[in-house]
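# Structural characterization, general
The residues making up each chain are set out below.
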Amino acid sequence: MSALDTTILLDQRRLLMVGGKGGVGKTTTAAALALAAAERGRRVLLVSTDPAHSLSDAFDREIGDRETALAPNLFGLEIDPDHEVDAHLDTVRARMARFAAPDQRPELERQLRLSRQSPGAQEAALLERITTLMDQDDRYDLMVFDTAPTGHTLRLLSLPEVMAAWTEGLLRQNRRSEELGKVLSHLTPGRDVDSLTDEPEQRELADLDDRARGLAAPLLERQRRFHRARRRLQDATHSAFLFVLTPEKLPILETERAVASLADAGIPVAGAIVNRVLPDEAEGAFFRARREREQRHLADIETRLGALPRHHLPLLADDIQGLAALEAFAARLL
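The shown structure was predicted, so the numbers you read here are calculated from the model rather than taken from an experiment. (Residues numbered from 1 in each chain as written. Predicted model: local features only at pLDDT ≥ 70, side-chain atom pairs only at ≥ 80, totals over all residues. Heavy atoms only, no water.)

### So, the packing of aromatic side chains
- Using the criterion set out here, one finds 3 aromatic pairs in the structure.
- Ring centres 4.9 Å apart and planes at 35° place the aromatic pair Phe 241 and Phe 243 in the tilted group. Residues Phe 241 and Phe 243 agree in their burial class; the two are buried.
- Ring geometry for Phe 286 versus Phe 287: centroids 5.4 Å apart, planes at 75°, classification edge-to-face.
- Under the relative-accessibility criterion, Phe 286 is labelled exposed at 56%. (Phe/Tyr/Trp six-rings, centres within 6.5 Å; stacked < 30°, edge-to-face > 60°. Buried < 20%, exposed > 50% of the residue type's maximum accessible area, 1.4 Å probe, protein only.)

What follows is the structure, encoded as structure tokens:
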């Protein structure tokens, strides 16, 4: 097993994504890493995209959907997915209302109500907020994202492509309009799946009238912003993705699948934190049996994730809550 050097990630990267199956200690790890980076002199924003929002619990204080000072150089933010969906659809509603004829507005409202409840609505709104934050990375030396459980995160990272099709879906009911038809042709030239995954070009909008150009320009900018975020995630000198798992069957299998999926997307994985490994001093028949099973799982991790640098953390006797406990946990991570 190659050792994971977390100090390099904290000192040299601008973006750190911490992911894993729910309940493995992902939030605690993300919080401790962010606190360690802040103590090393970097200005850090710690962002939770997990609807469960355990950051407030980890720091034993209210954080919420605003940038909140948690310690010197460290600020926290818990993104509220429901609020993001509402804000995102309000923006779409205001923009679309400028271009929809009066008889089209009831249908627009119906489509937006359906979008509010549709699968992926939260992920789409979260991506909007996350990519906006990533575009503001000059405000911080490091952003640490405590991501939602693994499957949610993988959907989130795939949305730059999906959002092109989603945008067209919002406009589909207006295809009777020649001007909006031109907008669609600019947003998704060729109307085939491959064109949706290509990065939007700096296309000439001069052939559109003012009404259509006003709709096309912000949508094209959104697509460009999504692709800028993807490029950042694919740049191993800028970003790192860390997985947290425990030596148990389900977290191992889920992490293996996630690492493979990220590799397919061209997103580098910097390493893994294997959390809650039984300490050597644990005694008794129960712990001997647990340790024997754990050794089999650790061997399985070596087989499945052997190429990833890893760091093992022991199972601790108490909960980790508050700055002092997080600082002690961070010392183990470093």
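### Some details on the sheet that holds strand E7 (residues 269-277)
- Across the sheet, which stays open at both edges, the 8 strands sit in the order E3-E4-E2-E5-E1-E6-E7-E8 with mixed pairing between neighbours. At either margin of the open sheet sits one strand with a lone partner, and together these are strand E3 (68-71) and strand E8 (310-314). On average, each strand axis in the sheet is tilted by 25° relative to the strand beside it, whichever way the strands run.
- As judged from the 5 bridges shared by strand E6 (residues 239-245) and E7, these two strands associate in the parallel manner. Within E7, the position partnered with Leu 242 by the bridge is Gly 271.
- Where helix H6 (residues 121-134) meets the sheet, its contacts fall on strand E1 (15-19), strand E2 (44-48), strand E4 (74-78) and strand E5 (142-146), and the angle it forms with E5 comes to roughly 160°.
- On top of the sheet, helix H13 (residues 323-333) reaches E3, E7 and E8; it is set at about 135° to E8, its chief contact. (Pairing = 2+ DSSP bridges. Helix = DSSP H or I, 4+ residues; strand = E, 2+ residues; numbered from the N terminus. Axes fitted to C-alpha atoms, helices over the stretch in contact; angles between N-to-C directions. Contact = heavy atoms within 4.5 Å.)

### Describing the pairing of E4
- Counted residue by residue, E4 has 5 buried out of 5 residues, so it is predominantly covered.
- Burial along E4 is two-sided: the residues Leu 74, Gly 76 and Glu 78 and Phe 75 and Leu 77 are all buried.
- Across 5 bridges, the pairing between E2 and E4 is parallel. Looking at E4, one finds that Val 44 is bridged to Leu 74.
- Here E3 runs beside E4; their pairing, made up of 3 bridges, is antiparallel. Note that in E4 the partner of Thr 68 across the bridge is Gly 76.
- With antiparallel pairing between neighbouring strands as the criterion, E3 and E4 make up a hairpin whose turn holds 2 residues, including Asn 73 at a positive phi of roughly 75°.

### Observations concerning the environment of Leu 278
- Relative to the elements of secondary structure, Leu 278 occurs in the loop between E7 and helix H12 (285-305).
- Here Leu 278 falls in the buried class, since its relative accessible area comes to 11%.
- Distance in space between the C-alpha atoms of Leu 278 and Glu 294 is 8.0 Å, their sequence separation being 16 residues.
- Excluding residues within four positions of it along the chain, Leu 278 makes contact with Phe 287, Arg 290, Arg 291, Glu 294 and Leu 315.

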